[in-house]
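Working through the structure, step by step
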Amino acid sequence: SGGWVPYRTPKAALNAAWHSLAKEVAPSGLIAVLYNPGWVQTRKVGPGAPTPVEEGVAELRRHIDGLRPEESGGCLERDGSEIPW
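About the thresholds
- Residues numbered from 1 in each chain as written.
- Predicted model: local features only at pLDDT ≥ 70, side-chain atom pairs only at ≥ 80, totals over all residues.
- Heavy atoms only, no water.
- Helix = DSSP H or I, 4+ residues; strand = E, 2+ residues; numbered from the N terminus.
- Buried < 20%, exposed > 50% of the residue type's maximum accessible area, 1.4 Å probe, protein only.
- Contact = heavy atoms within 4.5 Å.
- Core = buried A, V, L, I, M, F, W, Y, C linked by side-chain atoms within 4.5 Å.

**Examining the overall build of the chain**
Along its length, the chain carries two helices and two strands. Going from N to C terminus, the chain has its helices and strands arranged as α-β-α-β. Along the three orthogonal principal directions, the C-alpha set of the chain runs to about 40 × 35 × 20 Å. Buried residues in the chain amount to 25% of all 85 residues.

Put into C-alpha coordinates, the structure is as follows:
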(Lines give C-alpha, C1' and ligand atoms only; values in the text may rest on other atoms or scores of the structure.)
Protein backbone atom coordinates (compact mmCIF):
# COMPACT_ATOMS: atom_id res chain seq x y z
CA SER A 1 0.00 0.00 0.00
CA GLY A 2 3.03 2.28 0.27
CA GLY A 3 3.83 4.86 2.90
CA TRP A 4 5.20 4.36 6.38
CA VAL A 5 8.73 3.79 5.03
CA PRO A 6 10.56 4.43 8.35
CA TYR A 7 8.21 1.98 10.13
CA ARG A 8 8.25 -0.75 7.46
CA THR A 9 11.95 -0.74 6.56
CA PRO A 10 13.26 -2.26 9.82
CA LYS A 11 10.50 -4.90 9.74
CA ALA A 12 11.47 -5.93 6.20
CA ALA A 13 15.15 -6.04 7.21
CA LEU A 14 14.35 -8.22 10.22
CA ASN A 15 12.27 -10.58 8.06
CA ALA A 16 15.11 -10.93 5.53
CA ALA A 17 17.77 -11.41 8.21
CA TRP A 18 15.73 -14.06 10.06
CA HIS A 19 14.98 -15.90 6.80
CA SER A 20 18.73 -15.99 6.11
CA LEU A 21 19.48 -17.10 9.68
CA ALA A 22 16.96 -19.94 9.32
CA LYS A 23 18.88 -21.25 6.30
CA GLU A 24 22.19 -21.04 8.18
CA VAL A 25 20.99 -22.96 11.24
CA ALA A 26 18.86 -25.55 9.40
CA PRO A 27 21.71 -28.12 9.14
CA SER A 28 21.92 -28.15 12.95
CA GLY A 29 18.22 -28.89 13.28
CA LEU A 30 17.31 -25.48 14.69
CA ILE A 31 14.10 -23.71 13.65
CA ALA A 32 14.04 -19.92 13.37
CA VAL A 33 10.73 -18.10 12.95
CA LEU A 34 9.41 -14.62 13.62
CA TYR A 35 6.12 -14.19 15.44
CA ASN A 36 3.78 -11.24 15.37
CA PRO A 37 2.46 -11.24 18.94
CA GLY A 38 -0.49 -9.06 18.03
CA TRP A 39 -1.82 -6.23 20.15
CA VAL A 40 -0.94 -7.29 23.71
CA GLN A 41 -1.49 -5.47 27.01
CA THR A 42 2.14 -4.57 27.67
CA ARG A 43 3.31 -1.65 29.79
CA LYS A 44 3.96 0.32 26.61
CA VAL A 45 0.54 -0.36 25.06
CA GLY A 46 -1.52 -0.37 28.23
CA PRO A 47 -4.84 -2.04 29.05
CA GLY A 48 -6.51 -0.92 25.80
CA ALA A 49 -5.11 -3.92 23.92
CA PRO A 50 -7.42 -6.93 23.70
CA THR A 51 -4.95 -9.65 24.74
CA PRO A 52 -3.50 -10.05 28.24
CA VAL A 53 0.22 -10.85 28.25
CA GLU A 54 -0.31 -14.26 29.87
CA GLU A 55 -2.76 -15.29 27.15
CA GLY A 56 -0.46 -14.10 24.36
CA VAL A 57 2.55 -15.91 25.81
CA ALA A 58 0.58 -19.12 26.35
CA GLU A 59 -0.59 -19.11 22.73
CA LEU A 60 2.94 -18.49 21.44
CA ARG A 61 4.33 -21.31 23.59
CA ARG A 62 1.75 -23.77 22.24
CA HIS A 63 2.85 -22.99 18.69
CA ILE A 64 6.56 -22.89 19.44
CA ASP A 65 6.37 -26.39 20.93
CA GLY A 66 4.81 -27.69 17.70
CA LEU A 67 7.01 -25.93 15.13
CA ARG A 68 8.08 -28.04 12.15
CA PRO A 69 11.35 -27.63 10.20
CA GLU A 70 9.46 -26.56 7.06
CA GLU A 71 8.16 -23.50 8.97
CA SER A 72 11.69 -22.26 9.61
CA GLY A 73 12.36 -18.88 8.04
CA GLY A 74 8.72 -17.92 8.16
CA CYS A 75 6.89 -15.04 9.72
CA LEU A 76 3.86 -16.20 11.70
CA GLU A 77 0.90 -14.72 13.52
CA ARG A 78 0.52 -15.58 17.19
CA ASP A 79 -1.98 -18.30 16.22
CA GLY A 80 0.63 -19.95 13.96
CA SER A 81 -0.83 -18.83 10.63
CA GLU A 82 1.68 -17.65 8.04
CA ILE A 83 2.20 -13.98 7.26
CA PRO A 84 3.17 -13.78 3.59
CA TRP A 85 5.76 -11.17 2.66
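So that's the structure; there's more coming.
**Brief notes about the side chain of Asn15**
Structurally, the position occupied by Asn15 is in helix 1 (residues 5-25). Apart from residues lying up to four places away in sequence, Asn15 is in contact with Leu34, Cys75 and Trp85.

**So, the nonpolar core**
Residues Val33, Tyr35, Leu60, Leu67 and Leu76 constitute the largest nonpolar core, which totals five residues. Beyond its immediate stretch of four places on either side in the chain, Leu60 contacts Tyr35 and Arg78.

Nothing here speaks to function; it is all geometry.
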